Amino acid sequence: MFIVSFLNDESGTAVKEENECSHNRCQSILVNCNWDIEAAQKELRKRGLVLASKKSPRTAAEGLLAVAQDEKRAAVIELNCETDFVARNEIFQYLALSLARSMLSAESFSQHASAATPLGFEDIESMKIALDHTKLNGETTVQNAITEVAAMMGENVKFGRGFALSTSQGIVSSYLHTSPQPGLGRMAGILTLEVENGNAPVDALQRVGSSIAMHIVASKPLFLSKELVSSEAIESERDILRTQAESTGKPPMAIEKMVEGRLRKYFEEVVLLEQKFVMNDSTNIKTVLNDLSKEVGSSVKIGKFLRMEVGEVAQRAEATSEPEAVAQ
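Note that the structure is a prediction, hence the values are computed from the model and not measured.

Cut-off values and rules
- Residues numbered from 1 in each chain as written.
- Predicted model: local features only at pLDDT ≥ 70, side-chain atom pairs only at ≥ 80, totals over all residues.
- Heavy atoms only, no water.
- Pairing = 2+ DSSP bridges.
- Helix = DSSP H or I, 4+ residues; strand = E, 2+ residues; numbered from the N terminus.
- Axes fitted to C-alpha atoms, helices over the stretch in contact; angles between N-to-C directions.
- Contact = heavy atoms within 4.5 Å.
- Buried < 20%, exposed > 50% of the residue type's maximum accessible area, 1.4 Å probe, protein only.
- pLDDT = per-residue confidence, 0-100.

1. Structural notes on the sheet that holds strand β12 (residues 300-309)
- Across the sheet, which stays open at both edges, the 3 strands sit in the order β7-β9-β12 with antiparallel pairing between neighbours. Among the strands making up the open sheet, the edge pair consists of β7 (170-177) and β12. Neighbouring strand axes in the sheet, compared pairwise and without regard to direction, differ in orientation by 15° on average.
- One ladder, built from 8 bridges, connects strand β9 (residues 187-195) with β12; its direction is antiparallel. Along β12, the bridge assignment pairs Leu193 with Ile302.
- Across the sheet, helix α10 (residues 202-219) lies against β7, β9 and β12, angled at about 40° from β7, the strand it touches most.
- Here helix α13 (residues 285-296) sits on the sheet and contacts β9 and β12; the angle it forms with β12, its principal contact strand, is near 135°.

2. Looking at unusual backbone geometry
- The phi torsion at Thr178 lies on the positive side, around 55°, for a residue other than glycine.
- Taking relative accessible area as the criterion, Thr178 reaches 46% and is therefore assigned partly exposed.

3. Re the sheet that holds strand β8 (residues 184-185)
- In space, the 5 strands of this open sheet follow the order β3-β6-β2-β1-β8, with antiparallel pairing throughout. Bordering the open sheet on either side are β3 (118-119) and β8, each of which pairs with just one other strand.
- Examined bridge by bridge, strand β1 (residues 62-69) and β8 share 2 bridges and lie antiparallel to one another. By the bridge assignment, Leu65 is partnered in β8 with Gly185.
- Its contacts with the sheet place helix α6 (residues 90-105) against β1, β2 (73-81), β3, β6 (158-166) and β8, and it is angled at close to 145° to β2.

4. With respect to the confidence of the model for the protein chain
- The pLDDT averaged across the protein chain works out to 83; a share of 77% of its residues lies at or above 70.
- Mean pLDDT across the secondary structure elements of the protein chain bottoms out at helix α1 (residues 2-8), with 35, and peaks at β8, with 98.
- Contacts for the low-pLDDT stretch residues 1-22, under 50 throughout, to residues beyond four places or in other chains number 41 contacts.
- Considering only residues more than four positions removed or in separate chains, one finds that residues 321-328, a stretch of pLDDT under 50, has 15 contacts.

In structure tokens:
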């Protein structure tokens, strides 16, 4: 009974260790440590780290997105695990939020933020992170912190990806869907609103910015404007639409009108500025921005945006076996 109680009092590492060994093996650790509880705990944690390294090749498609931001900057990361059970664990959630906040405050933030470029694990693995949790505290590296939590959870825990973005003349807005607590979610939409007049009222910008961030999550745009859709993508879509139209047997002039009409529909589906606004489908995002510009007395444009969803990278990799384009 004492051994079971001792194991269950541990921070999760020992509980997972119990699943890996029999009571006899656990008792053997205590005996080898001369029944020194602290020494036995240390040994169990060491074994937990070994288990974590063995689990690292296993697929980790669950997890959470974490967003840290201020008025003009945002950092978003995806922390992955194997099961939704671990994603609900408060230590896992604490680590995810800590990673995003550390990335936001890092000295190297500005060099990544200008274009919302993706950040891989190699970009942050040696970054220092200060932890202040009853079961996870002190200063360490990102790599060591993730390894420590993996040992506690008994699952493969890994940094999936991250982004940093900022604006010098405007605001950053975000929206998190399926959020267990502020700053965490399974889907995220983030954008920058660029404003010509630096004195434009921030509350109006944030109100509209938040609603567009929610729209991004719901509508999954691929491009900001029609001009940013590659000519190859347009021609490929046009060829598909023409083949479909020709199957109707209508004359060439009618076919061309059908193609152009369906191409406009294509833009409405994949281009953010052309999409119908999810909160009012009688207008589109371009009109929403025009109305906001009139309200604040200054031209307002979307500078950058991205949409993320937990597990989409792993799902795409399994489907294509090719590197994925993470965000637009």
